[in-house]
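Below are the chains, spelled out letter by letter.
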Amino acid sequence: MKKFRADIHIHTVLSPCGDLEMSPDNIVKKAKEKKLNIIGITDHNSLKQCSVIKNIAKQYGIYTLTGVEITTKEEVHCLAFFDKNEEILKFQNYIDKYLPDIKNNTDIFGYQVVVDKDNNIIESVDKLLISAIDQSIEQIEKKVHSLNGIFIPAHINKSKFSIISQLGFIPKTLIIDALELSKHISKKDFIEKFEYLKNYTFIQNSDSHYIDNIADVVTIYKMNEISFDEIKKALHNIDGREVIVN
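So, a few notes on the structure that sits alongside this text.

Calculation rules
In every chain, residue numbers begin from 1 and rise along the written sequence. Whole-chain, interface and lining totals are the exception, using all residues; otherwise, since this is a predicted model, local features are given only for residues with pLDDT of at least 70 and side-chain atom pairs are given and counted only at 80 or more. Side-chain numbers come from the whole structure's heavy atoms, not from hydrogens or water. Secondary structure elements follow DSSP: runs of H or I no shorter than four residues count as helices, runs of E no shorter than two count as strands, and numbering proceeds from the N terminus. Each residue is placed in one exposure class: buried if its accessible area under a 1.4 Å probe, protein chains only, is under 20% of its type's maximum, exposed if it is over 50%, and partly exposed if it falls in between. Residues are treated as being in contact if the distance between any of their heavy atoms lies within 4.5 Å. To measure how exposed things are, a 1.4 Å probe is used in the Shrake-Rupley method; for residues, cover is taken only from the protein chains shown. Under the convention used here, Asp and Glu are negative, Lys and Arg are positive, and both His and the chain ends fall outside the count. Every charge is mapped to an atom, namely NZ of Lys, CZ of Arg, CG of Asp or CD of Glu. We define a salt bridge as a side-chain nitrogen of Lys or Arg found within 4 Å of a carboxyl oxygen belonging to Asp or Glu. Stacked, tilted and edge-to-face pairs are distinguished by plane angle, under 30 degrees for stacked and over 60 for edge-to-face with tilted covering the rest, among Phe, Tyr and Trp rings (Trp via its six-membered ring) whose centres lie within 6.5 Å. Definition of a polar contact: a pair of N or O atoms within 3.5 Å, with one able to donate and the other able to accept a hydrogen when the atoms are protein atoms, and with sequence-neighbouring residues admitted only if both atoms are side-chain atoms. The rule is simple: put a 1 Å grid over the protein atoms alone, call a set of points where a 1.4 Å probe fits but cannot get out a cavity, call an open set with protein on both sides within 12 Å along at least five of seven lines a pocket, and count a residue as lining if it has an atom within 4 Å of a point. Grid points are joined across faces, edges and corners, and a volume is the space filled by probe spheres set on the points. By the convention adopted, Pro, Cys, Tyr, Trp, Phe, Met, Ile, Leu, Val and Ala count as nonpolar, Lys, Arg, Asp and Glu as charged, and the other residues, Gly among them, as polar. Take the buried residues of types Ala, Val, Leu, Ile, Met, Phe, Trp, Tyr and Cys, join any two whose side-chain atoms come within 4.5 Å, and each joined set is a nonpolar core.

**Here's the deal with the overall build of the chain**
Piece 1. Counting its secondary structure elements, the chain contains eight helices and eleven strands.
Piece 2. Considering only C-alpha atoms, the chain reaches an extent of 45 × 40 × 35 Å along its principal axes.
Piece 3. Taken across its 246 residues, the chain has 54% of its residues classed as buried.
Piece 4. Sequence separation of at least 24 residues holds for 71% of the intrachain contacts in the chain that already meet a minimum separation of 6.
Piece 5. Split by element, the accessible area of the chain, about 11400 Å² in all, is 48% carbon and sulfur.
Piece 6. On the chain, the mean spot of the 32 positive side-chain charges and the mean spot of the 35 negative ones are 5 Å from each other.

**Overview of the pattern of salt bridges**
Piece 1. According to the stated counting rule, one finds 14 salt bridges in the structure shown.
Piece 2. Of the charged contacts in the structure, one is a salt bridge between Lys103 and Asp126, with a shortest N-O distance of 4.0 Å. Taken as a pair, Lys103 in the loop between helix 3 (85-98) and helix 4 (106-109) and Asp126 in the loop between strand 6 (121-124) and helix 5 (137-146) lie far apart in primary sequence, 23 residues in all.
Piece 3. Residue Glu192 pairs with Lys188 through a salt bridge whose shortest N-O separation is 2.9 Å. Taken as a pair, Glu192 and Lys188 lie in helix 7 (residues 187-193) at a separation of four residues, close to a single helical turn. The burial state of Glu192 is the same as that of Lys188; both residues are exposed.
Piece 4. Within this structure, Lys30, Glu33 and Asp212 form a network of salt bridges that share partners.

**Focus on the packing of aromatic side chains**
Piece 1. Following the criterion strictly, the structure yields five aromatic pairs and no others.
Piece 2. On the numbers, 5.4 Å between centres and 35° between planes, the contact of Phe91 with Tyr94 is tilted. Note that Phe91 and Tyr94 are positioned in helix 3 at a spacing of three residues, about one turn of the helix.
Piece 3. These aromatic residues form a ring-pair network of at least three members: Phe82, Phe91, Tyr94 and Tyr98.

**Side note on unusual backbone geometry**
Piece 1. Phi at Glu75 is positive, roughly 65°, even though this residue is not glycine.
Piece 2. Locating Glu75 in the fold gives a position in the loop between strand 3 (63-71) and strand 4 (77-82).
Piece 3. Overall, the relative accessible area of 37% leaves Glu75 in the partly exposed class.
Piece 4. If you check the backbone angles, Asn237 has positive phi at about 55° while not being a glycine.
Piece 5. Examined against the element boundaries, Asn237 turns out to sit in the loop between helix 8 (228-235) and strand 11 (242-244).

**Notes on the side chain of Asp177**
Piece 1. The residue Asp177 is located in the loop between helix 6 (163-167) and strand 8 (179-181) in this model.
Piece 2. Comment: no salt bridge for buried Asp177; closest opposite-charge side chain is Lys232, at 6.5 Å.
Piece 3. A distance of 2.8 Å separates polar atoms of two side chains, one belonging to Asp177 and the other to His145.
Piece 4. Within the structure, Asp177 has its side chain in polar contact with the backbone nitrogen of Phe151 (distance 2.7 Å).

**Quick notes on the layout of surface pockets**
Piece 1. Taken as a whole, the largest pocket spans an internal volume of roughly 480 Å³.
Piece 2. Classifying every residue of the lining of the largest pocket gives seven nonpolar, eleven polar and six charged.
Piece 3. Computed from the structure, the second largest pocket encloses a volume of approximately 210 Å³.
Piece 4. Leu47, Lys48, Cys50, Ser51, Lys54, Asn55, Thr66, Asn85, Ile88, Leu89 and Gln92 together form the lining of the second largest pocket.
Piece 5. Of all the elements in the fold, those that place two or more residues in the lining of the second largest pocket are helix 2 (50-59) and helix 3.
Piece 6. Its residues assigned to classes, the lining of the second largest pocket comprises four nonpolar, five polar and two charged.

**Structural notes on the nonpolar core**
Piece 1. Of all hydrophobic cores here, the largest spans 57 residues; its most connected members are Ile27, Ile39, Phe91, Ile156, Phe190 and Phe202.
Piece 2. No other element matches helix 2, which puts five residues into this core.
Piece 3. Not counting chain neighbours up to four residues away, the residues in contact with Phe91 comprise Leu47, Val68, Ile70, Ala80, Phe82, Ile140, Lys143, Val144 and Leu147.
Piece 4. Residues Ala6, Ala178, Ala234 and Leu235 belong to the second largest nonpolar core, which totals 20 residues.

Structure (structure tokens):
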């Protein structure tokens, strides 16, 4: 088995809270500098920036998990990742259907732009992307898995926008591929506080909105090779694959 360094929670200029330096080219170059093998692109409620970054990253030998950070009806942030373009398109259509028609105010929230490989703006998204969509966490989880995706509640140790802060617990009926911790806590310290969650798989990512924060923390994926299926196996500890966090 080989070990691969991954940071799979990264925002781009498309997220209103993402710094304007978070362009596709800058993200990939910083990931290369930080010796990442895998990155995950997770803008708020949109996958529109994924394909450009995936194409650039491939040239640098970096694998891209194409994903999104969804805000559920309960205002829980969750990560979802998909392998195939048709799955990405179907999930984007699903988000667009349930995203409230609230216009973004750039003076308050920031710009929401899709850029090409040369940093030219090709689209400006009018709807506010940080709104909660009109779907519960259970509905979203089922939709993600119906499209063969990966479903991960985000930064569950945070005091807001996490499954624990919003629900107070993790429903046993929820099918979870992993739980994400923020960079501000170790797995050991978290488990000491929430021992009942010790049997879940944990990952840790930077949740970077600024270029220099990429790879502030990483997760090691122990796999035969880098692929979507191998990552799934690592998250579920199948056939010797595993993930390792501090």
